Amino acid sequence: MDAAEIVRLNREYTLYSWSVQSAVDPIPMVRAEGVYFWDANGKRYLDFSSQLMNLNIGHQHPKVVRAIQEQAARLCFAHPAMATEPRGRLAQMLTEVAPANMKKAFFCLGGADANENAIKIARAFTGRPKIIARYRSYHGATHGAVALTGDPRRWPAEPTIPGVVHVFDPYCYRCHFGWTPQTCHRECITHIEDVIRFEGPQNVAALFLEGVTGSNGLIVPPPDYWPRVRELCDRYGILLVSDEVMSGFGRTGKWFSVDHWGVQPDIITCAKGLTSGYVPLGAVIVSEPIARYFDDHMLWGGLTYSGHPLACAAGVATLEVYKEDGLIENAAKVGEVLGRRLEEIKARHPLVGDVRYIGLFSGIELVKNRETKEPLVPWGGKSAEMNAIAAFLREKGLFTFFNVSVIFVVPPLCITVEQLEEGLALIDQALEIAEGG
């Protein structure tokens, strides 16, 4: 099937997410390897966003492909009430790499599923109805997860589940409270405590935070943010949930982003890098007290595909790849180069207002004016300049993610410095053209 026919069939018979269907212009992707993929015309693309920030180990890793093939030949599916080797092994492996207080995992199909079930678990364990989340957040598109989500993708789905309250973010470049890094009072933390008091601490079950904010601008919190939020939750008996769907599994140079700050959440939700997208899988990892609670209380939740053996076998192999190939160490090492190069790009281009990075998780925020910080793309809107940058990069064979005014640089963790430089040079060129150079 040629490229045109592949695109025609997909546009005529499938619906694309987050898209006006008549405007969809998909790449007819046919094969991939490592940090590259190819379309049906033989054009090669450098994958600078790990597809959707999930392909952490790179494309078509032979160990994971082989594990899927072997598991498919042995057992494709098991009732979720069954016990299987890959399910048990993967859960054990997760508790070994997660913070020390994590005890058990509930398996689902993806990040949104994980957050949906984390809401249920938090409410059941605490007996409280309310959940606090942040405005610049994305937790999924299902009914409960999109209620947690703070960005404009929530608006068309409203009204969503009741009881969700949003707070502001540790967005230092655009401080909601008017401070600079030099004058900061950490009102992004004390503000949360004010909201807790207004909502009634006895009513708040959990605080849901992305470990590092992902698609809503790649916001890396200041170093004392997570420890102080942990203290705040302990003060009021509120569960702290770290959504590591995007920031987990080596993306930031640690197994989980909260590891950078030595924090132990009560619940971790994860997906994406858990299997690197090879098979759909998500998980809710819970602390020992929560796990023990369900020893004699009903867990009111379940999925036909919970603990799917094919997905869990892929997860086992993926976690082994992280360790055997040294990918988390590589993310930290190459991430240092990435940080330096992004700072150089910022210094060179007036269109760049800010760069943010941790490991191989980074973003370039574009502005119309550095002094006013007017964003290149309005919140919830579009920009001809950003569209032109995206079109140029696609033409040159660089595939990456854009949201609002941010260009994301989130490559597979197996990327080399040379491959990283290849992609950054194209971004540099795109910015120069956009600036009229």
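As a reminder, the structure under discussion sits directly above these lines.
Quantities reported herein were computed from a predicted structural model and do not represent experimental measurements. (Residues numbered from 1 in each chain as written. Predicted model: local features only at pLDDT ≥ 70, side-chain atom pairs only at ≥ 80, totals over all residues. Heavy atoms only, no water.)

**Student:** Sorry, what's going on with the overall build of the protein here?
**Tutor:** For the protein, the helix and strand inventory stands at 13 helices and 16 strands. Its C-alpha atoms give the protein a radius of gyration of 21 Å, near enough to 22 Å, the size a compact globule of 437 residues would have. Each principal axis of the C-alpha atoms in the protein carries an extent, and together these give about 65 × 60 × 40 Å. Counting all 437 residues of the protein, 55% fall into the buried class. For the protein, the accessible area works out to roughly 18,600 Å², and carbon and sulfur atoms hold 54% of it. For the protein, the distance from the average position of its 43 positive side-chain charges to the average position of its 49 negative side-chain charges is 2 Å. (Helix = DSSP H or I, 4+ residues; strand = E, 2+ residues; numbered from the N terminus. Rg over C-alpha atoms; globule rule 2.2 N^0.38 Å. Buried < 20%, exposed > 50% of the residue type's maximum accessible area, 1.4 Å probe, protein only. Areas by Shrake-Rupley, 256 points an atom, 1.4 Å probe, with all protein chains shown as cover. Lys, Arg positive; Asp, Glu negative; His and termini not counted. Charge placed at Lys NZ, Arg CZ, Asp CG, Glu CD.)

**Student:** What is the right way to read the sheet that holds strand E7 (residues 204-210) from this model?
**Tutor:** Adjacent strands of a sheet pair through backbone hydrogen bonds, lying either parallel or antiparallel. If you walk across this open sheet you meet the seven strands as E4-E10-E9-E8-E7-E5-E6, and the pairing is mixed. Across the chains shown, the open sheet's two edge strands, defined by having one partner strand only, are strand E4 (102-108) and strand E6 (164-167). Across the sheet, the mean angle from the axis of one strand to that of its neighbour is 20°, orientation sign disregarded. Where helix H4 (residues 85-97) meets the sheet, it contacts E4 and strand E10 (282-287), and its direction lies at approximately 135° from that of E4. (Pairing = 2+ DSSP bridges. Axes fitted to C-alpha atoms, helices over the stretch in contact; angles between N-to-C directions. Contact = heavy atoms within 4.5 Å.)

**Student:** Would you take a moment to explain a nonpolar patch on the surface for this structure?
**Tutor:** Together, Phe77, Leu109 and Tyr305 give the surface a local cluster of nonpolar side chains, amounting to about 270 Å² of exposed area. Inspection of the secondary structure assignment puts Tyr305 in the loop between helix H9 (288-293) and helix H10 (309-324). When its relative accessible area of 43% is taken as the criterion, Tyr305 is described as partly exposed. (Patch = residues over 30% accessible without salt bridge, like charges linked within 9 Å, V, L, I, M, F, W, Y side chains within 5 Å. Salt bridge = Lys/Arg side-chain N within 4 Å of Asp/Glu carboxyl O.)

**Student:** Just checking my understanding: could you explain the pattern of salt bridges for this structure?
**Tutor:** Opposite charge on two side chains allows them to pair when their charged atoms are near. Scanning the model with the defined rule gives 28 salt bridges in all. In this structure, Asp224 and Arg228 form a salt bridge, with 3.5 Å as the shortest nitrogen-oxygen distance. For Arg228, a relative accessible area of 30% translates into the label partly exposed. As a salt-bridge pair, Asp354 and Lys346 come within 3.8 Å of each other at their nearest N and O atoms. Assessed through its relative accessible area of 24%, Lys346 is described here as partly exposed.

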